[in-house]
Amino acid sequence: MSSLFAYGRAQIASVYRRHLPVRGVRFWGEATKPVMAVSEGSLSAVIEHEIIPRLVASRPRDTALPGDRPADPQISDADVVAFAPLAITAEADVLLDFIEALIRRGVSVESILIELLAPTARVLGEYWEADRCDFVDVTMGLWRLQEIVHELSAKMPAATRPGPQWRALFTPMPGDQHSFGAMLLDEIFAREGWFTDRLSEASTPEILEKVSSDWFDLVGLTLGCDSHMAALPSLISAIRSVSANPGIAVMVGGRIFVEAPARATEVGADGTASDARLAEKVACGLVARVTRREFARG
């Protein structure tokens, strides 16, 4: 497994250095402060659709993770503090051992996704800003978190439950290279009974093509880099204008909206939420409100 992760890191560095024109990205030891901007290509797609499946397929599948226990204790701040550095420094096997210990303790998969993995992704961003790690380290850390979501989804799939039967599309903002937030929302909403679809790394025309050709009750846009904020109002407006569903709801997420929720309204979105669990509840309210309004009109 260690050799596979060595291969994975080399593959990511190779993608950056040889296949993607990169502007201002600093690798560890270089002096220039990095700007996470890749002009073309699809790093998220390479990681999610080529590298992660290869690693997941290589892991022995004969030992299932322990099942959920009735008790659901909260994950503590100490758990996040202990786990976050491992996402950068340890192999995925070590992270999965940490996760298995939480499950044996009675923590649910949903709590792991929302209370451990999501905060860890935010901590990785803080490491980046504080110059505690480089861009490849952050990418590798998010890759390992994505692999954990893949593992949990494969070994402990959501129980079949009646849900709202609404359809949601999740996508990072165009130009945003990390799709972990959209992946997490996709998993949580699916576990709550939504029909979900997700774009790992899409351009504006690809997003608009998707919402114009398929019916969605909700679009969730995740924003990992503040520099993409300026393009958000025009994208939301375009989504509404071309959507096959004239009453489509649009939600936005990311650290900038956690810190200042009012910005969601300013960019033209219908709502935001501080975490994926709350986002699903807010989304239900938004879509139900539109459904009731359309029913009254009919």
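To be clear, the structure that these remarks concern was listed above.
Remember, predicted model here, so these are calculated numbers, not experimental data.

Chemist: Could you give an account of the overall build of the chain, naming the residues involved and the relevant values?
Modeler: A count of helical and extended segments in the chain gives twelve helices and four strands. Taken as a whole, the chain presents about 13,500 Å² of accessible surface, with 55% of it coming from carbon and sulfur.

Chemist: Tell me what's going on with the sheet that holds strand β3 (residues 218–222), and back it up with residues and numbers.
Modeler: Judged by pairing direction, the sheet is parallel, and its four strands sit side by side in the order β2-β1-β3-β4 without closing on themselves. Edge positions in the open sheet fall to β2 (195–198) and β4 (249–253), since each of these has one partner strand only. Ignoring which end each strand starts from, the neighbouring axes of this sheet average 20° apart. Two strands pair when backbone bridges link them, and strand β1 (residues 167–172) and β2 are joined in this way by four bridges, in the parallel orientation. By the bridge assignment for β2, Leu-169 is matched with Asp-197.

Chemist: I'd love a proper account of the nonpolar core, names of residues and values included.
Modeler: Membership of the largest hydrophobic core comes to 55 residues, with the highest contact counts inside it found for Phe-83, Ile-99, Ile-112, Leu-113, Leu-116, Leu-117 and Leu-218. Mapped onto this core, the elements with two or more residues apiece are α3 (77–89), α4 (92–104), α5 (109–129), α6 (135–155), β1, α7 (180–191), β4 and α12 (276–297). In terms of residue count, the dominant contributor to this core is α5 (eleven residues). Once you skip the residues sitting within four places of it in the chain, Leu-116 turns out to touch Ile-75, Asp-79, Val-80, Phe-83, Phe-98, Ile-99, Leu-102 and Ser-111. If you look at the next biggest cluster of nonpolar residues, it comprises 25 residues, including Val-211, Leu-232, Val-250 and Ile-256.

Chemist: Please provide a residue-by-residue account of the pattern of salt bridges, values included.
Modeler: Pairing between side chains becomes possible if they bear opposite charge and their charged atoms approach one another. If you walk through the whole model with that rule in mind, you get eleven salt bridges. The partner of Glu-110 in a salt bridge is Arg-191, with the nearest N and O atoms 3.8 Å apart. Of this pair, Glu-110 sits in helix α5 while Arg-191 sits in helix α7; the two residues are 81 residues apart in sequence, bridging distant segments of the chain. Each member of the pair, Glu-110 as well as Arg-191, is classed as buried. One continuous salt-bridge network, built from bridges that share partners, spans Glu-110, Glu-187 and Arg-191.

Chemist: Describe the packing of α3 against α6, naming the residues involved and giving the relevant values.
Modeler: The interhelical angle for the contact between α3 and α6, taken along N-to-C directions, is 110°, at an axis separation of 7 Å. Taken as axis vectors, α3 and α6 run roughly perpendicular relative to one another. Counting all contacts with α3, which are made through Phe-83, Ala-87 and Ile-88, the residues of α6 involved are Asp-137, Met-140, Gly-141, Arg-144, Leu-145 and Ile-148. When grouped by side-chain class, the residues that make up the contact of α3 with α6 number six nonpolar, one polar and two charged.

Chemist: Provide a residue-level description of helix α8 (residues 204–213), including the pertinent values.
Modeler: It helps to recall that an α-helix has 3.6 residues per turn; residues three or four apart then point in one direction. Listed in full, the buried residues belonging to α8 are Ile-207, Leu-208 and Val-211. Burial along α8 is one-sided: seen end-on, the buried residues are contained in an arc of 95°. The inward-facing, buried residues of α8 abut β1, β3 and α9 (232–242).

Chemist: If you had to explain α5 to someone new, which residues and values would you point to?
Modeler: If you check α5, its first and last C-alpha atoms are 29 Å apart, about what 21 residues at 1.5 Å a residue would give, namely 30 Å. Along α5, the sharpest kink reaches roughly 25°, centred on Leu-117 and followed within four residues by the proline Pro-119. Where burial is concerned, most of α5 is hidden: 16 out of the 21 residues are buried. Taken from the residues just after α5, Asp-131 is the one with a positive phi, measuring 65°.

Quick notes on the rules
- Residues numbered from 1 in each chain as written.
- Predicted model: local features only at pLDDT ≥ 70, side-chain atom pairs only at ≥ 80, totals over all residues.
- Heavy atoms only, no water.
- Helix = DSSP H or I, 4+ residues; strand = E, 2+ residues; numbered from the N terminus.
- Areas by Shrake-Rupley, 256 points an atom, 1.4 Å probe, with all protein chains shown as cover.
- Pairing = 2+ DSSP bridges.
- Axes fitted to C-alpha atoms, helices over the stretch in contact; angles between N-to-C directions.
- Core = buried A, V, L, I, M, F, W, Y, C linked by side-chain atoms within 4.5 Å.
- Buried < 20%, exposed > 50% of the residue type's maximum accessible area, 1.4 Å probe, protein only.
- Contact = heavy atoms within 4.5 Å.
- Salt bridge = Lys/Arg side-chain N within 4 Å of Asp/Glu carboxyl O.
- Parallel < 35°, antiparallel > 145°, perpendicular 65-115°, else oblique.
- Nonpolar A, V, L, I, M, F, W, Y, C, P; charged D, E, K, R; others polar.
- Arc of directions from axis to C-beta.
- Expected span 1.5 Å × (residues − 1).
- Bend = angle between axes of the 7 residues up to and from the residue.

Interpretation note: all reported values are geometric properties and have no functional meaning in isolation.
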